[in-house]
Amino acid sequence: MRKKVIAGNWKMNKLAADAKQFVADAAGKLPKSENVEAIVCAPFLYLPELVKQTEGTDLKIAAQNMHYEENGAFTGEISPSMLKDSGVTHVVIGHSERRQYFAETDETVNKKVHAAFAHELTPIVCVGETLEQREANETNSHVEKQVRAAIAGLAEDQVAETIIAYEPIWAIGTGKTATSEQANEVCTHIRQVVAKNVSEKAAEQLVIQYGGSVKPANVDELLAQSDIDGALVGGASLEVDSFLQLVEAGTK
Ligand SMILES: O=C[C@H](O)COP(=O)(O)O
């Protein structure tokens, strides 16, 4: 059975003291359950400190982005080996905000996914459609294109270990959640795409999260869907109590 994976993506929020306090409060209060994995995706600056704080706890720390190159003249960037060295376990790749504001493309996403695996980091790959694409009935074809591009060239076991976060762009930070049926329909499609293009085994193991205005009030219904294995959460992951409620929902 697939584990539920609840990842809080803080985005560009919190100062150091607040970040440390959050982790100190949350790490000791996580539910003891084999069914759920809890991750905090924090700004680069805080990663080594937060990793140190979470040693011996079940809370994992992730980065929100990285470069695909190993090192070199890329001012302002962070490499996969730097992330590995910091002790993080996961890295978010291709978030729609990075695609929209920082010219991330399907091609760079694929390079980053390969770089993540080369450094034993688990990629959380974000895909999702705009409102215009949904209204034009292009959701499945767009998401399929993003997924196929992201996993191109990976080995079967790497695909199985990838986490895909389906995040309809129109539902991010807007308070508009896709209905659980809408969300599940796309997650099912993603699993079918992986089954067809990689293998049934990889599709069966693949963790698919939903993201977009997930909060304690709607998480149970989303996680009850057949193909939703967790959540990538922005706003509702900024407060310890609501983050813990979301993780608790993953234990059921
Ligand atoms: O990475 C998280 C997503 O962009 C969702 O953000 P949100 O929960 O604030 O809508």
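For the structure itself, look to the data block above.
Summary of the structure given here. (Residues numbered from 1 in each chain as written. Predicted model: local features only at pLDDT ≥ 70, side-chain atom pairs only at ≥ 80, totals over all residues. Heavy atoms only, no water.)

1. Structural notes on helix 9 (residues 180-197)
And step 1. Look at helix 9: 26 Å from first C-alpha to last across 18 residues, which is about the 26 Å you get at 1.5 Å a residue.
And step 2. Restricting attention to buried positions, one finds in helix 9 the residues Ser180, Ala183, Asn184, Val186, Cys187, His189, Ile190, Arg191, Val193 and Val194. (Helix = DSSP H or I, 4+ residues; strand = E, 2+ residues; numbered from the N terminus. Expected span 1.5 Å × (residues − 1). Buried < 20%, exposed > 50% of the residue type's maximum accessible area, 1.4 Å probe, protein only.)

2. Examining the nonpolar core
And step 1. The biggest cluster of nonpolar side chains holds 69 residues, and the ones touching the most others in it are Val147, Ile190, Tyr210 and Phe243.
And step 2. For phenylalanine 243, the contacting residues outside a window of four places in its chain are Ile6, Gly8, Phe22, Ala26, Leu30, Ala38, Ile39, Val40, Leu59, Ala236 and Ser237.
And step 3. Among the nonpolar cores identified, the runner-up in size contains 12 residues, and Ala62, Ala165, Val207 and Leu232 belong to it. (Core = buried A, V, L, I, M, F, W, Y, C linked by side-chain atoms within 4.5 Å. Contact = heavy atoms within 4.5 Å.)

3. Considering the packing of aromatic side chains
And step 1. With the rule as written, the count across this model stands at three aromatic pairs.
And step 2. Arranged with centres 4.9 Å apart and planes meeting at 75°, the rings of tryptophan 10 and phenylalanine 22 form a pair that is edge-to-face. Of this pair, tryptophan 10 sits in the loop between strand 1 (4-9) and helix 1 (16-27) while phenylalanine 22 sits in helix 1; the two residues are 12 residues apart in sequence, bridging distant segments of the chain. Each member of the pair, tryptophan 10 as well as phenylalanine 22, is classed as buried.
And step 3. With a centroid separation of 5.6 Å and 55° between ring planes, the pair formed by phenylalanine 22 and phenylalanine 243 is classed as tilted. Residue phenylalanine 22 is found in helix 1, and its partner phenylalanine 243 is found in helix 12 (residues 240-249); the two are separated by 221 residues along the sequence. (Phe/Tyr/Trp six-rings, centres within 6.5 Å; stacked < 30°, edge-to-face > 60°.)

4. What to know about the sheet that holds strand 7 (residues 207-211)
And step 1. Read once around its circumference, the closed barrel built from eight strands follows the order 1-2-3-4-5-6-7-8, with strand pairing classed as parallel. Averaged over all pairs of adjacent strands, the angle between strand axes in this sheet comes to 25°, irrespective of strand direction. (Pairing = 2+ DSSP bridges. Axes fitted to C-alpha atoms, helices over the stretch in contact; angles between N-to-C directions.)

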